[in-house]
Amino acid sequence: MDFEAVIGLEVHVQLKTRTKIFCGCATDFGAEPNTRVCPVCLGYPGVLPVMNEEAIRKTILAGLMIGCDITRHSKWDRKNYFYPDMPKNYQISQYDLPLCLGGKVGAVGVTRIHLEEDVAKSFHFATNSGVDFNRAGTPLMEIVSEPDMRTPEDAFNYLTALKEILVTGGVSDCDMEKGQLRCDCNVSVRPVGQVTFGEKIEIKNMNSISGVKRALEYEIPRQINALKRGEKLQQETRRWDDDDGKTFLMRTKEYAHDYRYFPEPDLMPVVVDDTMLAEIRRQLPELPEARRHRFVAQYGLPDYDAGVLVANGALANFFEQAAGKNPKAAANWIMTVSEITTTPIQPEHITELVAAIDAGQISGKQGKDVFAEMLAAGKPPALIIKEKGLAQVSDTGAIEAFAEQAIAANPKSVADFRAGNKAALNALVGQVMKLSKGKANPQLVSSVLAKKLQGS
Ligand SMILES: [Zn+2]
C-alpha cells in the first residue's frame, strides 16, 4: 500500500516594530537580559495594555500581500495557561476573529493570520533556569496554512516563499537565528486515495527552514513504517532534535492544554476603516514573483538569475542599482557575493567594472582580480586598475608602433598571412602583446595588424 503525507504549518513571525505590542519597551535584539521591560510586559497585576497600531498595520500589510480578506472588526482574546515565560498566566491573542482570513502562498492556502504577544525566553543552566523578558510582548504574527502540502519540499518551498514575501514587505526581517521566524508543523499520513486525515502529529518550535524539511524527512517515513507494522498512531506533540536528526515525543493528546479562551476585557476591539486600509494598500510593495518576471522582461536576465537575485531582497535591490548597460554581466558578478548586506562593494562599482571589461580597458581575466580586490578592500575598480597597472593599452598610436615593430621583425609570418594563412596573424598579435608587456587590448591589436597588412 502506498502512503502520502498531509502537512500544514503554523508559522510565528516577529514583526519589525520599534516597540512591543502592548507597551513602549524597545524590541531591539541582543540587549542585556531583562533590560527592555516594564510592569506591562513583566505581567504585573493591575497594569493595562495599550495596543501598538504599527503592529496591526504590518499584519494587515502581510495579509494583503498574501491575498487575505482583512477583517474589519476583529478582537483580542485571552489564552489561559501557566508557564514561567508568561507570569500573568495568559497570553493576549486572537481566537475567533483574526485580522486576516484566507489567502495563498504559491499553491498553498493560508487559513488565517492573527496577532499575539510573544512570550519571554527561558534559559536552562546546569543547576537553575533563567527567564529573559526582553522578548515578552514582541508583536508576533501567527500564519496558519491549510493542510495543502504533501512533501518536505512543499513545506520548504512554502516557507521560503513566505519569508521572501514578509521580508520584501518590511513586515519582518525573518532572521531565524534571532528566532524571528519559528514554525510548528502538523503532519499525518494516510493511504493514497483515502480522503480522511490520519492522526495529526505536531512537531513544535522549529527555527530553521531546512530544519523543517529534515524533520519531515524523518517524521513521514517514521509514521508510514509504524502503520505498515500494524501500529496505531495517536495524536501527539513531538520535538525535533536538530543534532540527532530525530523527533521525540513531548506529550500525548491527554496532556493537551485547554486554553479557556475568552474575550480580552482590557483592550478595545480593532476596527479597520476604509481610510486605514487604503493607506496600507498604498504601501504594498512589488511581490517577489512579479519582480522575478520584471527582471526577465526589463533586464533580459535568464529565469535562473532572476530567481537567485529576487530570493534575497537586498541582493535584488543591489542588482537594480548596479545593472547599468550590461545587466547580465552585472548579475554574474553580484550572484557571487555571498553576504550582500555586509559587502564593502558599492553597486556603482559593479557597473564600472562591467563597463571597463566591455570597453576592453581590462580583460575578463583581469576583471576577476579587480573584483577580488573590490571584495577585500571596497576600493573602486578604476583605482584598483590604476594601482595594479592593469589597464590595457587601447591607445591606437602606441599599438601601431608595436605593430610596425612586429611586422618588421617577422617577415615570414607577414608573408604567410598575405599568402592566405589567416592563422599567421596570431603569431604577430602575440609579438605585439609581448612588446606591450601584455597590456595591449588583443582585439585592437588584431584589427590594427590586419589593417596594416591588408593596406600595404
Ligand atoms: Zn514593557
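(A) Spatial organisation of helix α7 (residues 313-322). Every buried residue belonging to α7 is among L315, A316, F318, F319 and A322, and all of these are buried. Each buried residue of α7 lies within a common arc of 160° when the element is viewed along its axis, so the set occupies one face. Those residues of α7 that are buried lie in contact with α5 (288-299), α6 (303-310), α8 (327-334) and α9 (347-358).

(B) Fine view of the coordination of the zinc ion. For the zinc ion, every protein donor is listed as C23 (SG), C25 (SG), C38 (SG) and C41 (SG), and the spread of their distances is 2.3 to 2.4 Å. Taken together, the four donor atoms coordinating the zinc ion span angles of 102 to 116° at the metal, a pattern that classifies the geometry as tetrahedral. In the primary sequence, the donor residues of the zinc ion line up as C-x1-C-x12-C-x2-C. Of the two residues, C23 sits in the loop between β1 (3-14) and α1 (53-66) while C38 sits in the loop between β1 and α1, which places them 15 residues apart along the sequence.

(C) Layout of the packing of aromatic side chains. This model, assessed by the stated rule, comprises eight aromatic pairs. Between Y259 and Y261, the aromatic rings sit 6.1 Å apart at their centres with planes inclined by 65°, giving edge-to-face as the arrangement. Residue classification places Y261 among the partly exposed residues on the basis of a relative accessible area of 27%. Through pairs of rings, three or more aromatic residues link up here, namely Y81, Y95, Y259 and Y261.

(D) The sheet that holds strand β4 (residues 77-80), seen in detail. With antiparallel pairing, three strands are arranged side by side in an open sheet as β5-β4-β16. The two strands at the open ends of the sheet, each matched to only one other strand, are β5 (90-93) and β16 (262-263). In this sheet, β16 lies alongside β4 in antiparallel orientation, the contact comprising two bridges. Looking at β16, one finds that D77 is bridged to P263.

Cut-off values and rules
Residues numbered from 1 in each chain as written. Predicted model: local features only at pLDDT ≥ 70, side-chain atom pairs only at ≥ 80, totals over all residues. Heavy atoms only, no water. Buried < 20%, exposed > 50% of the residue type's maximum accessible area, 1.4 Å probe, protein only. Helix = DSSP H or I, 4+ residues; strand = E, 2+ residues; numbered from the N terminus. Arc of directions from axis to C-beta. Contact = heavy atoms within 4.5 Å. Donors = N, O, S within 2.8 Å, 3.2 Å for Na, K, Ca; no water. Tetrahedral: all angles 85-135°; square planar, octahedral: opposite > 155°, others 65-115°. Phe/Tyr/Trp six-rings, centres within 6.5 Å; stacked < 30°, edge-to-face > 60°. Pairing = 2+ DSSP bridges.

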